[in-house]
Amino acid sequence: MAGKFDDMAGRLLLRFAVVLHRTVAGRDAAERLQGRRNRALRAAHRRGVPVEVLAARMRLTPSWIRQVLNGRKPPEVEEAA
């Protein structure tokens, strides 16, 4: 019985790993996540959160945040504040 449970648990863990890999890894997934993050930043700014607070919480520079808010593509390498 233990062998059957181990096999079932192993297959379930494999499926979980595949789901994580497909949603987190890869260029397309990273672009989707960054797009969601950028939309959330814009929404927060529209609701009154200042650029300096956004930059501090995201640990990015205010100039990078302003680029995102203006709809421009941020630099390839993200700046750390």
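Residues numbered from 1 in each chain as written. Predicted model: local features only at pLDDT ≥ 70, side-chain atom pairs only at ≥ 80, totals over all residues. Heavy atoms only, no water.

**Q** Looking at this structure, how should I read the pattern of salt bridges?
**A** Where charged atoms from two side chains of opposite charge approach closely, those side chains can pair. According to the stated counting rule, one finds 1 salt bridge in the structure shown. The residue Arg66 makes a salt bridge to Glu52 at a minimum N-O spacing of 3.6 Å. Residue Arg66 is found in helix α4 (residues 62-69), and its partner Glu52 is found in helix α3 (residues 51-58); the two are separated by 14 residues along the sequence. Using a relative accessible area of 39% as the deciding quantity, one classes Arg66 as partly exposed. (Salt bridge = Lys/Arg side-chain N within 4 Å of Asp/Glu carboxyl O. Helix = DSSP H or I, 4+ residues; strand = E, 2+ residues; numbered from the N terminus. Buried < 20%, exposed > 50% of the residue type's maximum accessible area, 1.4 Å probe, protein only.)

**Q** Quick question: what am I supposed to make of α3 here?
**A** Given 3.6 residues per helical turn, the α-helix brings residues three or four places apart onto the same face. Buried residues of α3: Val51, Leu54 and Ala55, and no others. Angular distribution of buried residues about the axis of α3 spans 95 degrees; they occupy a single face of the element. Exposed and oriented more than 90 degrees from the buried face of α3 are Ala56 and Arg57. At its buried positions, α3 is contacted by α2 (27-46) and α4. Once α3 ends, the next one or two residues include Arg59, with phi positive near 60 degrees. (Arc of directions from axis to C-beta. Contact = heavy atoms within 4.5 Å.)

**Q** Is there a simple way to think about the packing of α3 against α4 in this case?
**A** A packed helix pair is summarised by two numbers, namely the angle formed by the two axes and the spacing between the axes. As a packed pair, α3 and α4 sit with axes 9 Å apart at the nearest point and diverge in direction by 110 degrees. Classified by the angle between their axes, α3 and α4 sit roughly perpendicular to one another. Crossing geometry of α3 relative to α4 is assigned as right-handed. On α4, the residues that touch Val51, Glu52, Leu54, Ala55 and Met58 of α3 are Pro62, Ile65, Arg66 and Leu69. Broken down by class, the residue content of the contact of α3 with α4 amounts to 7 nonpolar, no polar and 2 charged. (Axes fitted to C-alpha atoms, helices over the stretch in contact; angles between N-to-C directions. Parallel < 35°, antiparallel > 145°, perpendicular 65-115°, else oblique. Left-handed = near helix turned anticlockwise from the far one by under 90°. Nonpolar A, V, L, I, M, F, W, Y, C, P; charged D, E, K, R; others polar.)

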